[in-house]
Amino acid sequence: MSREGLLVVVSGPSGAGKGTVINLLKQKDDNVKLSVSATTRQPRIGEIEGVNYFFKTHDQFNDMIKGNQLVEWVKYCDNFYGTPKKYIQDTVEKGYDCILEIEVEGALNIKENYPDCVSIFILPPSFKELKRRIEGRGTEQSDVICKRLEKARKEIEFADRYDYVIVNDSVENAVVGISNILAAEKLKFTRNKGILKTLES
């Protein structure tokens, strides 16, 4: 019996390791697709257009907002981030699990508009480790690092608004945790009502 994939929202503070965890999850599960977000921030070294993000100017991003092409969008550390609507719809309809790696404000908007989505918050093992990871990137100035740490403290306060919490003390363990969540969600009765109809026929 064919069915739609899951819409999965993953959030967590900068430095929690969201991207690393999701990349390994994708390697281990061919049914997982990552939604590519649009952003006005500058690309980091190694990031590829259309793979990591759709990099937009502020004018281009505003055009996407006006054209109702985004499921949600937020301003974060002086840049805009948004989730293109079409990619999500196409991915889920094909039966793939679509992962959205987005900030807390955007995630709460998604949960409001898509109540059936699965929301997961990734935490670092400690705030000390979080700071070490952010500083270890070597890609941002000290004032930006301070902004990210301040933002992280505020974001963590919203962890209780999510369905699940994963502590990323080990990337491999975090991936196993998310895989278990996705497997359990697919067994929920609310997602399998069609089974009864097949039994009755």
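Residues numbered from 1 in each chain as written. Predicted model: local features only at pLDDT ≥ 70, side-chain atom pairs only at ≥ 80, totals over all residues. Heavy atoms only, no water.

A.B. asks: Can you lay out the packing of helix α1 (residues 18-28) against helix α7 (residues 171-186) for me, pointing to particular residues and giving the numbers?
C.D. replies: The N-to-C vectors of α1 and α7 enclose an angle of 65 degrees; their axes lie 9 Å apart at closest approach. Crossing geometry of α1 relative to α7 is assigned as right-handed. Along the contact surface, α1 presents Thr20, Val21, Leu24, Leu25 and Lys28, while α7 presents Val171, Glu172, Ala174, Val175, Ile178 and Ser179. Classifying every residue of the contact of α1 with α7 by side-chain character gives seven nonpolar, two polar and two charged. (Axes fitted to C-alpha atoms, helices over the stretch in contact; angles between N-to-C directions. Helix = DSSP H or I, 4+ residues; strand = E, 2+ residues; numbered from the N terminus. Left-handed = near helix turned anticlockwise from the far one by under 90°. Contact = heavy atoms within 4.5 Å. Nonpolar A, V, L, I, M, F, W, Y, C, P; charged D, E, K, R; others polar.)

A.B. asks: Outline the pairing of strand β6 (residues 79-84), listing residues and values.
C.D. replies: Within β6, six of the six residues are buried, which leaves the element mostly enclosed by the surrounding structure. Because side chains alternate across β6, one face comprises the buried residues Asn79, Tyr81 and Thr83, and the other comprises Phe80, Gly82 and Pro84, equally buried. Note that strand β3 (residues 37-39) and β6 share two bridges and pair antiparallel. Residue pairing across strands places Ala38 opposite Gly82, the latter belonging to β6. Judged from the six bridges that link them, strand β5 (residues 70-76) and β6 form a sheet pairing that is antiparallel. When the sheet's bridge partners are listed, Val74 is paired in β6 with Tyr81. Where β5 hands over to β6, the hairpin turn is made up of two residues, of which Cys77 adopts a positive phi near 50 degrees. (Buried < 20%, exposed > 50% of the residue type's maximum accessible area, 1.4 Å probe, protein only. Pairing = 2+ DSSP bridges.)

A.B. asks: Would you mind going over the environment of Gly5 in detail, with residue names and values included?
C.D. replies: Along the polypeptide, Gly5 turns up in the segment before β1 (7-11). Taking the relative accessible area as the measure of exposure, Gly5 reaches 13% and is therefore buried. Considered as a pair, Gly5 and Arg161 are 156 residues apart in the sequence and their alpha carbons are 22 Å apart. In this structure, Gly5 is in contact with Val92, Gly95, Tyr96 and Asp97, ignoring residues within four places of it in sequence.

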